[in-house]
Amino acid sequence: MEGLLATYGWAALLASAAIMGVAGFTKGAVGFALPMIAISGIGSILPAPLAIAAIILPSLITNIWQAMRQGLAEALDSLRRFWLLNAVLLVMIALCAQLVKILPERALFLILGAGVTLFSAIQLSGWRPRDPGPDRRVATGVGLLAGFFGGLSGVWGPPIVLYLLARKVAKIEMVRVQGIAYLIGSIMLALAHTNSRLLDAQTSQFSAALILPAMLGMWIGLRVQDALPQERFRRLTMAVLVLAGLNLLRRGLSG
């Protein structure tokens, strides 16, 4: 951490903690979006590879909380139901994570910004894809797309959210299935970036320091979820995510 402090200063690291708290709050309220908000916000003040490393451990811990909230038996049942999606997701994250050290930072911002903006705008518009049923080709395609973005940026939620909305998965199970997919992906992402050396002794300390604000934000978000109409808050969140995606595009285009 000393090296990060010397390079970026306390202000940038404290701002990163505040952004992670907001990201955790949003995840608690709607079940996803922690990586998107954290990457967009932290990536605006720190280099993209460091921002990606920063979200790994907070994502892992909050996803354990989300996946296991109804108990292990329910989590395993949801895992069996969507096993193919998760299996493809794992493989793609492992493969694409190695590209983070190869692609220019500008390209990472452009790819992520385009993806976040597109998927968020689709959800904000109210459009819902046709229910594909238990079609393995669709599940495989969603896993490939989500894993591609997840490996590059740590963000693989939007395609999975659209898929689950199309499948008309009940709210409680939908949040749980997301948590399982995000948990599995987080574990693979941590392993992949340990191998790519993006997550090293210094960046892992930074990521670990952001666990507490993420969990505090999520705890508050879970309580706010009960007080606000879910659809209204979801649409507000999507609007924020569109802005986050546009900010990433701005960062990529401006260099």
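For the structure itself, consult the block above.
None of the values given here were measured: they were computed from a predicted structure.

About the criteria used
Residues numbered from 1 in each chain as written. Predicted model: local features only at pLDDT ≥ 70, side-chain atom pairs only at ≥ 80, totals over all residues. Heavy atoms only, no water. Helix = DSSP H or I, 4+ residues; strand = E, 2+ residues; numbered from the N terminus. Rg over C-alpha atoms; globule rule 2.2 N^0.38 Å. Buried < 20%, exposed > 50% of the residue type's maximum accessible area, 1.4 Å probe, protein only. Contact = heavy atoms within 4.5 Å. Areas by Shrake-Rupley, 256 points an atom, 1.4 Å probe, with all protein chains shown as cover. Lys, Arg positive; Asp, Glu negative; His and termini not counted. Charge placed at Lys NZ, Arg CZ, Asp CG, Glu CD. Salt bridge = Lys/Arg side-chain N within 4 Å of Asp/Glu carboxyl O. Axes fitted to C-alpha atoms, helices over the stretch in contact; angles between N-to-C directions. Parallel < 35°, antiparallel > 145°, perpendicular 65-115°, else oblique. Left-handed = near helix turned anticlockwise from the far one by under 90°.

Caption draft 1: The overall build of the protein, seen in detail. The helix and strand tally for the protein stands at twelve helices and zero strands. In sequence order, the secondary structure elements of the protein are arranged as α-α-α-α-α-α-α-α-α-α-α-α. Its C-alpha atoms give the protein a radius of gyration of 17 Å, near enough to 18 Å, the size a compact globule of 255 residues would have. Dimensions of the protein along its principal axes, counting C-alpha atoms only, are 50 × 40 × 35 Å. Each of the 255 residues in the protein was classed as buried or not, and the buried ones make up 53%. The long-range share in the protein, meaning contacts at least 24 apart out of those at least 6 apart in sequence, stands at 85%. With an accessible surface of roughly 11,000 Å², the protein has 70% of that area assigned to carbon and sulfur atoms. Positive and negative side-chain charges of the protein, numbering 21 and 10 respectively, have mean locations separated by a distance of 5 Å.

Caption draft 2: Fine view of the pattern of salt bridges. The full count for this structure, using the stated rule, is four salt bridges. In this structure, Glu-173 engages Arg-81 in a salt bridge whose closest nitrogen and oxygen atoms are separated by 2.8 Å. One end of the pair, Glu-173, is in helix H9 (residues 171-195); the other, Arg-81, is in helix H4 (residues 72-81), and 92 residues separate them in sequence. The residue Asp-131 makes a salt bridge to Arg-167 at a minimum N-O spacing of 3.9 Å. With Asp-131 in the loop between helix H6 (105-125) and helix H7 (136-153) and Arg-167 in the loop between helix H8 (157-166) and H9, this pair connects stretches of sequence that are 36 residues apart.

Caption draft 3: Quick peek at the packing of H7 against H8. Where H7 contacts H8, the axes come no closer than 8 Å and their chain directions differ by 155°. Here H8 runs roughly antiparallel to H7, going by the angle between their axes. Both H7 and H8 take part in a crossing whose hand is right-handed. Two secondary-structure elements touch here, H7 through Val-138, Ala-139, Val-142, Leu-145 and Ala-146 and H8 through Pro-159, Ile-160 and Tyr-163.

Caption draft 4: Geometry of the side chain of Ser-40. Checked against the element boundaries, Ser-40 lands in helix H2 (residues 34-42). Among the residues examined, Ser-40 registers a relative accessible area of 5% and is labelled buried. Discounting chain neighbours no more than four positions away, the residues touching Ser-40 are Ala-244, Asn-247 and Leu-248.

Caption draft 5: Quick look at unusual backbone geometry. Here the phi dihedral of Lys-168 falls at roughly 60°; this positive angle occurs in a residue that is not glycine. Along the polypeptide, Lys-168 turns up in the loop between H8 and H9. Since its relative accessible area comes to 63%, Lys-168 is described here as exposed. Phi is positive for Arg-197, which is not a glycine, with a value near 70°. Assignment of secondary structure puts Arg-197 in the loop between H9 and helix H10 (201-209). The class for Arg-197 is exposed, based on a relative accessible area of 66%.

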